[in-house]
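In case you want the letters, here they are:
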Amino acid sequence: MNVAVLSGGVGGARFLRGVVAVIGSDNVSIVGNVADDIEVLGLRVSPDLDSILYTLAGLADEERGWGRAGETWQALETVAQLGGESWFRLGDRDIGLHLVRTELLRSRVPLSEATERLAHALGLGARLLPATDDPLRTFVETPEGTFPFQTWFVARGHRDEVDAVHYAGSPDATAAPGVLEALGAADVILIAPSNPYVSIGPILAVDEIREALERRTVPCVAVSPLIGGRAVKGPADRMLLRIAGGTSPAHVASCYAGLIDALVIDEADVPADAPVRLVVTRTLMTDLEAARRLAAAALDAAGAPA
Ligand code: FO1
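Calculation criteria
- Every residue gets a number counted from 1 within its own chain, in the order that chain's sequence is written.
- It should be noted that, the model being predicted, local features are given only for residues of pLDDT at least 70 and side-chain atom pairs only at 80 or more, the latter also being counted only at that level, while totals for whole chains, interfaces and linings use all residues.
- Here the side-chain values reflect all heavy atoms present in the structure, with hydrogen atoms and water set aside.
- Any two strands with at least two DSSP bridges between them are considered paired.
- Counting from the N terminus, the helices are DSSP H or I runs at least four residues long and the strands are E runs at least two residues long.
- Working convention: axes come from line fits to C-alpha atoms, limited for helices to the stretch in contact. Angles between N-to-C directions cover 0 to 180 degrees.
- Any two residues whose heavy atoms approach within 4.5 Å at even a single point are treated as in contact.
- Among buried residues, the Ala, Val, Leu, Ile, Met, Phe, Trp, Tyr and Cys ones that are joined through side-chain atoms within 4.5 Å form a nonpolar core.
- For the exposure calls, accessible area comes from a 1.4 Å probe over protein chains only, and a residue counts as buried if that area is under 20% of its type's maximum, exposed if over 50%, partly exposed in between.

Re the sheet that holds strand β2 (residues 28–32)
The sheet built from seven strands is open, its strands ordered β5-β2-β1-β9-β10-β13-β14 with parallel pairing. Lying at the two open borders of the sheet, with one neighbouring strand each, are β5 (127–130) and β14 (277–281). The average angle at which neighbouring strand axes cross in this sheet is 25 degrees, direction not considered. Here β2 runs beside β5; their pairing, made up of four bridges, is parallel. By the bridge assignment, Gly32 is partnered in β5 with Pro130. Docked against the sheet, helix α1 (residues 10–23) engages β1 (3–7), β2, β9 (188–191) and β10 (220–223), running at close to 170 degrees with respect to β1. Of the strands in this sheet, β1, β2 and β5 are in contact with helix α2 (residues 47–56), which crosses β5 at around 170 degrees.

Here it is in structure tokens:
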């Protein structure tokens, strides 16, 4: 069975670990968000792809939610001492990966190929595909102004309410090599429990990818990132409240209108009045076993034997 998963960073990466635990890594293709990528200190950082790489390679700092475990910060301390840009915290080990990626991109290797090389070097079995090789960046519109994603998220601590999100570059972005093939070959498509606006939204803003989901002939199941209407981490609940008007399963499902056949929700959410079939289970991924159970529930909701 081939499974394609659309995924953002932290929550998505944990879910992916569960998917891989259920069906093995060889048949899993991941379409990752690149719209929160950022250039820092001349280095190209792809936070969501890196969260997936580190998590599936067993290198992630689970507690912090981003970057590598056992990280040290000497390079960044030096940067700060010298008056360089240090608001976006890059650890020493993490910098090693960004150096390799940046060098590859500078020598005109596309992001998809650079990611494949990094994934191979880290021993990933699953295929990790950036949604696009083209420039695609999330901007958030707030009462304080419009900000690039990481300025709002990290520098401003995502405190500003968000009125709208837009994805610069989306009209011209095409799916990266392998993405449409992976979606076309999938027996099941899953949408990880990631933020619908800033993690999955940019992937779906690539027309070819959205159209592939609209045209799908196989089940597509999303997992809600909310538990009892609240985000486990991050601003998804506040964004849904302000942009979609609420945090019920129906509001989450509305983000994926026409694209999903079922939504997996938590026991703490009320399964009423949603435009798609709702499947209730425990969605908090406290450990690998919980992630495995959630992945199995999502696959089951798609009618795929786990
Ligand atoms: N998140 C923070 O809140 N502060 C940081 O300084 C920070 C640095 C960082 C460096 C590399 C990386 O891969 C991720 C990093 N993140 C940081 C997380 C990241 O900005 C967000 O969690 C994702 O972009 C949201 O999907």
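Considerations on the nonpolar core
Judged by nonpolar contacts, the single largest core of 51 residues is most densely connected at Leu6, Leu183, Ile191, Ile209, Leu213, Tyr256 and Leu263. Counting residues per element, this core draws most heavily on helix α8 (residues 196–204), at five residues. Once residues lying within four places of it in the same chain are set aside, the contact partners of Leu263 are Ala222, Val223, Ser224, Pro249, Val252, Ala253, Val276, Arg277, Leu278 and Val279. Among the nonpolar cores identified, the runner-up in size contains 41 residues, and Val34, Leu111, Ala126 and Ala298 belong to it.

Keep in mind these values describe shape, not function.
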